[in-house]
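Fold and contact review
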Amino acid sequence: MKIAIIGFGAAAIGFIEKMKDTEHELHIFEKSKDIYSSSISGIRADGKLFVSKEMGGDIDVDVDLQNKLVQYYIDKTEDGKFEQGSSFASKEYYEDFYSKGFLPIHSEFYHIGTDQLKQVLYTIYEDFKVHNNIHFHFNAEVQDIEPIANTVIINNRDSFDRVIVAVGRSGHKLIKKTINKFPDLITDNTKVDLGVRYEVPNHIVEELNREMYEFKIKYKSKTGYMVRTFCNNPSGFVVTENYGDFVTVNGHSKLKEKSRNTNFAILTTVQLTEPFNDPIGYGSHIAQLSNLLAGENKVILQTYSNFRDSKRTKHLYRVLPTLEKEKYILGDINLAFPRRIAESIIDFIENLNHVIPGIANEDNLLYAPEIKFYSNRLDNANFFNLKFVGDCSGSTRSIIYATAHGWLMADEILTS
Ligand SMILES: Cc1cc2nc3c(=O)[nH]c(=O)nc-3n(C[C@H](O)[C@H](O)[C@H](O)COP(=O)(O)OP(=O)(O)OC[C@H]3O[C@@H](n4cnc5c(N)ncnc54)[C@H](O)[C@@H]3O)c2cc1C
């Protein structure tokens, strides 16, 4: 069989590794000009490999396969060195969260180090390249996919028996174009995460930051909505993000400059059912409403007690915002957020206070809106010859899950 793989990232690596010793002819089309500039963004950025059943993707990947793939990457490093750890340093902390109704997200992590990353990728590429059935095409951006009967044509030119699309998030242009042509490919787009960025003094979460590698917990609030934390920034800064027609908040840490506060997102997953099919529209409208109240290009800032009691904030007390002054207005988030979302966030903070005393202090700060959109989930059953793997499929969000997705897809093809 002649198979095209579009993109050479984590998902493609999993697919090719499983396929490399077969008779199938594999053609890899990668838009980067060579292997040195190819962009496995995660591998390039931090190279942390996570093993977890609770984060990384929505497909079922057993822990044995995850460990096997971690080992695969580690084996490709020059000296086999890596740092290893667990998301919870102490069992007591885990149990404390659990006993209060939280779902603590557990993961093992393996940090292979930025300096080794280029070389890992290169070693994998060298290993694949020597196989006679594997052909790399760099500087080869795919702009069009057309499934016709038993073949798939790419770029109106080359035809293949199967096409595996593994373009990650950076391939959104190609995905959008394909979805526009075949809207039935989308199986799930009913979710959006809406919430706030929460900011507290460092000392309140000092122990938490020491004990947890990444502060990731979920909680089913009394409203029925799931609430989760995301993107914790010890000694970090709150920033705004401009989406063109609205502004949201985000947080980051700087390497040298440190603040006295820690910030993290508290997000409520809003899942609506049919006939609703526009989560981006719903999220955008709430963001625009917040911006309308705050003034152009600004976000709303409120103290926790005022948010809880539905009062406009007029003064701050002990916690001073790390967001630049001209980017926020003191106000009332309740005027923009639906009640169910506000109640879910309050319930989450009040309950969290049982594990982290001080987290519900009156003068802690909330910034709104913070929004996370989900990628469209694509259906791999729609076209027999056209498959989507890794982050572009909407089902993975990590190196190990994306690699596993490619691996499992190859397995499916080999055994079908
Ligand atoms: C800044 C950052 C840091 C991250 N850190 C981590 C981390 O530490 N650990 C972790 O597990 N995950 C991390 N992630 C997530 C991780 O990078 C992804 O989940 C994973 O790389 C997804 O694999 P993929 O194969 O789906 O896509 P990618 O690895 O992104 O690969 C897609 C490839 O397709 C190519 N491509 C795109 N469009 C086209 C086209 N039209 N034609 C041809 N080629 C195309 C791209 O150039 C790219 O090489 C991080 C992500 C980011 C953005």
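Calculation criteria
- Residue numbers here run from 1 along each chain, matching the order of that chain's written sequence.
- With the structure being a predicted model, the display of local features is reserved for residues of pLDDT at least 70 and the display and counting of side-chain atom pairs for 80 or more, all residues being used for whole-chain, interface and lining totals.
- Working from all heavy atoms in the structure, the side-chain values ignore hydrogens and water.
- In DSSP terms, a helix is any run of H or I states spanning at least four residues, a strand is any run of E spanning at least two, and both are numbered starting from the N terminus.
- Between the two quantities, the radius of gyration covers C-alpha atoms and the globule rule is 2.2 Å times the number of residues to the power 0.38.
- Only protein chains enter the accessibility calculation, which uses a 1.4 Å probe. A residue is then buried if its area is under 20% of the maximum for its type, exposed if over 50%, and partly exposed in between.
- Contacts are assigned to residue pairs with any non-hydrogen atoms lying within 4.5 Å of each other.
- For patches, a residue must show more than 30% relative accessible area and have no salt bridge; joins then use 9 Å for like charges and 5 Å for nonpolar side chains, namely Val, Leu, Ile, Met, Phe, Trp and Tyr.
- Every accessible area reported is derived by Shrake-Rupley at a probe size of 1.4 Å, with residue values counting cover from the shown protein chains alone.
- Any carboxyl oxygen of Asp or Glu within 4 Å of a side-chain nitrogen of Lys or Arg constitutes a salt bridge here.
- Aromatic contacts are taken between Phe, Tyr and Trp rings whose centres are within 6.5 Å, Trp giving its six-membered ring; a plane angle under 30 degrees counts as stacked, one over 60 as edge-to-face, and the others as tilted.
- Only lysine NZ and arginine CZ atoms are considered, and such an atom sits over a ring when it is within 6 Å of the ring centre and within 35 degrees of the ring normal.
- When DSSP finds two or more bridges between a pair of strands, those strands are recorded as paired.
- Between N-to-C directions, angles span 0 to 180 degrees; the directions come from axes that are lines fitted to C-alpha atoms, helices contributing only their stretch in contact.
- Domain borders in the structure are assigned automatically or taken from a domain database.
- The term buried area means the drop in 1.4 Å probe accessible area that two parts suffer when joined, counted for both and summed.
- Between N or O atoms, a polar contact is any pair within 3.5 Å; within protein, one atom must be a potential hydrogen donor and the other a potential acceptor, and residues adjacent in sequence are included only when both atoms are from side chains.
- Ten residues, namely Ala, Val, Leu, Ile, Met, Phe, Trp, Tyr, Cys and Pro, are considered nonpolar, four, namely Asp, Glu, Lys and Arg, are considered charged, and the remaining ones, Gly among them, are considered polar.
- What the arc covers is the set of directions going from the helix axis to the C-beta atoms.
- Each crossing gets its handedness from the near helix: less than a right angle anticlockwise from the far helix is left-handed, clockwise is right-handed.

1. Some points on the overall build of the protein chain
- Secondary structure summary: the protein chain contains 11 helices and 23 strands in total.
- Relative to its length of 416 residues, the protein chain is compact, with a C-alpha radius of gyration of 23 Å against a globular reference of 22 Å.
- With the principal axes as the frame, the protein chain shows a C-alpha extent of 70 × 50 × 35 Å.
- Counting the 416 residues in the protein chain, one finds 55% classified as buried.
- Across the protein chain, every contact between residues at least 6 apart in sequence was considered, and the portion connecting residues at least 24 apart equals 76%.

2. Points about a nonpolar patch on the surface
- On the surface, Leu289, Leu292, Leu293 and Leu335 cluster together into a nonpolar patch covering about 400 Å² of accessible area.
- Looking at the element boundaries, Leu289 is found in helix H8 (residues 279-294).

3. Re the packing of aromatic side chains
- Under the defined criterion, the tally for this structure stands at 24 aromatic pairs.
- A ring pair is formed by Phe97 and Phe102, whose centres lie 5.8 Å apart and whose planes are at 90°; its orientation type is edge-to-face.
- Between Phe246 and Phe373 the ring centres are 6.4 Å apart and the planes differ by 65°, which places this aromatic pair in the edge-to-face class. Of the two residues, Phe246 sits in the loop between strand S16 (237-242) and strand S17 (247-252) while Phe373 sits in strand S21 (residues 365-373), which places them 127 residues apart along the sequence.
- Overall, Phe373 belongs to the partly exposed group, its relative accessible area being 26%.
- Through a chain of ring-to-ring contacts, the aromatic side chains of Tyr93, Phe97, Phe102, Tyr198, Phe215, Tyr219, Phe264, Tyr304 and Phe348 assemble into a single cluster.
- Taking NZ or CZ as reference, Arg340 lies 3.9 Å from the ring centre of Tyr225, over its face.

4. A word on the sheet that holds strand S3 (residues 48-51)
- Ordered in space as S3-S6-S4, the 3 strands form an open sheet in which the pairing is antiparallel. Two strands close off the open sheet at either side, each with one partner strand: S3 and strand S4 (83-86). Taking the axes of each pair of neighbouring strands and ignoring which way they run, one obtains an average angle of 20° across the sheet.
- Along the sheet, helix H3 (residues 63-75) makes contact with S3 and strand S6 (108-111), crossing S3 at roughly 160°.

5. As for the pairing of S21
- A large share of S21 lies buried, amounting to 8 of its 9 residues.
- Pairing analysis gives 4 bridges linking strand S19 (residues 299-303) to S21, with the strands arranged antiparallel. Among the inter-strand pairings, Ile300 is bridged to a residue of S21, identified as Ala368.

6. Looking at the pattern of salt bridges
- Enumeration over the complete set of coordinates arrives at 22 salt bridges.
- The residue Asp58 makes a salt bridge to Arg397 at a minimum N-O spacing of 3.2 Å. Of the two residues, Asp58 sits in the loop between S3 and H3 while Arg397 sits in the loop between strand S23 (386-388) and helix H11 (399-415), which places them 339 residues apart along the sequence.
- A residue is classified by how much of its surface remains accessible, and Asp58, at 39% relative accessible area, is partly exposed.
- A salt bridge links Asp158 to Arg157, with the nearest nitrogen and oxygen atoms 3.3 Å apart.
- Taken together, the salt bridges that share partners define one network made up of Asp144, Glu146, Lys177 and Lys181.

7. Thoughts on the domain arrangement of the protein chain
- In terms of domains, the protein chain is made up of domain 1 (2-187 + 375-415) and domain 2 (190-373).
- Computed over C-alpha atoms, the centres of domain 1 and domain 2 are 31 Å apart.
- Contact residues are listed per partner, giving 19 residues for domain 1 and 19 residues for domain 2.
- Between domain 1 and domain 2 the total buried area reaches about 1700 Å² when both faces are included, carbon and sulfur atoms providing 65% of it.
- On inspection of domain 1 and its partner domain 2, the count reaches 0 salt bridges.
- Counting the contacts that link domain 1 with domain 2 gives 4 residue pairs in polar contact (both at pLDDT 80 or more).
- At the level of elements, S3, helix H4 (91-99) and strand S5 (102-104) are the ones that each hand at least two residues to the side of domain 1 that touches domain 2.
- Taken together, the residues of the side of domain 1 that touches domain 2 break down into 11 nonpolar, 5 polar and 3 charged.

8. Description of the environment of Glu95
- Position of Glu95 among the secondary structure elements: in helix H4.
- We classify Glu95 as partly exposed; its relative accessible area is 41%.

9. Re helix H6 (residues 172-181)
- For H6, the complete set of buried residues consists of Leu174, Ile175, Thr178 and Ile179. Buried residues of H6, seen end-on, are gathered within an arc of 130° and therefore sit on one face of the element. Those residues of H6 that are exposed and angled more than 90 degrees off the buried face are His172, Lys173, Lys176 and Asn180.
- On the buried face of H6, the contacting elements are strand S1 (2-6), strand S8 (145-148), strand S11 (162-165), strand S12 (186-188), strand S22 (377-378) and S23.

10. Let's talk about helix H7 (residues 202-211)
- Among all positions of H7, only Asn202, Ile204, Val205, Leu208 and Glu211 are buried.
- The inward-facing, buried residues of H7 contact H4, strand S13 (191-201) and strand S18 (261-271).

11. Digging into the packing of helix H1 (residues 10-19) against H11
- For the pair H1 and H11, interaxial distance at closest approach is 6 Å and the crossing angle is 35°. For the crossing formed where H1 meets H11, the hand is right-handed. Residue-level inspection shows Ala10, Ala11, Gly14, Phe15, Glu17, Lys18 and Met19 of H1 in contact with H11, the latter providing Ile399, Ala402, Thr403, Gly406, Trp407, Met409, Ala410, Asp411, Ile413 and Leu414.
- Grouping the amino acids of the contact of H1 with H11 by side-chain chemistry returns 11 nonpolar, 3 polar and 3 charged.

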